[in-house]
Amino acid sequence: MNIKTKFKIGEEVYIIFKEENDKILQLFKDKVTEIVINEDDILYYGDVLCEAFKEEHLVSINDKELLIKKIDELIKNGDK
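Counting from 1, residues in each chain are numbered in the order their sequence is written. Only residues with pLDDT of at least 70 are given local features in this predicted model, and only at 80 or more are side-chain atom pairs given and counted; all residues enter the totals for whole chains, interfaces and linings. Derived side-chain values reflect all non-hydrogen atoms in the structure, with water molecules and hydrogen atoms excluded from consideration.

Observations concerning the nonpolar core
So, point 1. Ranked by size, the top nonpolar core spans ten residues in total: Phe7, Val13, Ile15, Phe17, Val32, Ile42, Tyr44, Leu49, Phe53 and Leu58.
So, point 2. Of all elements in the fold, only β1 (12–17) and β3 (42–46) reach the threshold of two or more residues within this core.
So, point 3. Put simply, DSSP H or I for four residues or longer makes a helix, DSSP E for two residues or longer makes a strand, and each gets a number counted from the N terminus. It is β1 that provides the largest number of residues to this core, a total of three residues.
So, point 4. Every residue pair with non-hydrogen atoms within 4.5 Å of one another is taken to be in contact. In contact with phenylalanine 7, not counting residues within four places along its chain, are Val13, Val32, Ile35, Tyr44, Glu55, Leu58, Val59 and Ser60.
So, point 5. Joining through side-chain atoms within 4.5 Å is the link that ties buried Ala, Val, Leu, Ile, Met, Phe, Trp, Tyr and Cys residues into a set, and such a set is a nonpolar core. Remark: exposure states derive from per-residue accessible area (1.4 Å probe, protein chains only) relative to the maximum for the residue type, with buried under 20%, exposed over 50%, and partly exposed in between. Grouped together as the second largest cluster of nonpolar side chains are five residues, Tyr14, Val59, Ile61 and Leu67 included.

Pasting the structure below:
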């Protein structure tokens, strides 16, 4: 069985997120170390943070345009 994921183990990524009710944007450069696939989601773990993150929180290290777009979205949503 083949399961395709957006990111691979060992791939460098940016993890970008903002906690609910938090005005602080968090951005980390990390490397995917583990992928957990369950019925509802695909979760990624990295070296830097010991938390699970969904694909929507990860951006390829090579996609600077998407990184800037995500930063802008999170800042804009925080102003509401």
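Let us keep going from here.
What to know about the confidence of the model for the chain
So, point 1. Summary statistics for the chain give a mean pLDDT of 90 and a share of 96% for residues scoring 70 or more.
So, point 2. Each residue carries a pLDDT value, the predictor's own confidence for that position, ranging from 0 to 100. The least confident element of the chain, judged by mean pLDDT, is helix α1 (residues 64–78) at 90; the most confident is strand β5 (residues 58–60) at 97.

Regarding the pairing of β3
So, point 1. Most of β3 sits out of view: four of its five residues are buried.
So, point 2. A pair of strands is labelled paired if DSSP reports no fewer than 2 bridges between them. Sheet topology places strand β2 (residues 26–37) next to β3; five bridges connect them, and they run antiparallel. Paired with isoleucine 37 across the bridge in β3 is isoleucine 42.
So, point 3. In textbook terms, the turn of a hairpin is the stretch between consecutive antiparallel strands, and for β2 and β3 this stretch comprises four residues.

Remarks on the packing of aromatic side chains
So, point 1. Pairs were defined over the aromatic rings of Phe, Tyr and Trp, the Trp ring being its six-membered one, requiring ring centres within 6.5 Å. Orientation was assigned from the angle between planes: stacked under 30 degrees, edge-to-face over 60, tilted for the rest. The final tally for this structure, using the stated rule, is three aromatic pairs.
So, point 2. Ring centres 5.6 Å apart and planes at 85° place the aromatic pair phenylalanine 7 and tyrosine 44 in the edge-to-face group. With phenylalanine 7 in the segment before β1 and tyrosine 44 in strand β3, this pair connects stretches of sequence that are 37 residues apart.
So, point 3. With relative accessibility at 2%, the residue phenylalanine 7 sits in the buried group.
So, point 4. By relative accessible area, tyrosine 44 is classed as buried at 1%.
So, point 5. Among the aromatic side chains, those forming a connected cluster through ring pairs are Phe17, Phe28 and Phe53.

Points about the sheet that holds strand β4 (residues 53–54)
So, point 1. Spatial strand order, β4-β3-β2-β1-β5: five strands in an open sheet with antiparallel pairing. At either end of the open sheet lies a strand with only one pairing partner, and these are β4 and β5.
So, point 2. In the sheet, β1 pairs with β5 via three bridges, with the strands oriented antiparallel. Its bridge partner lying in β5, valine 13 is registered against serine 60.

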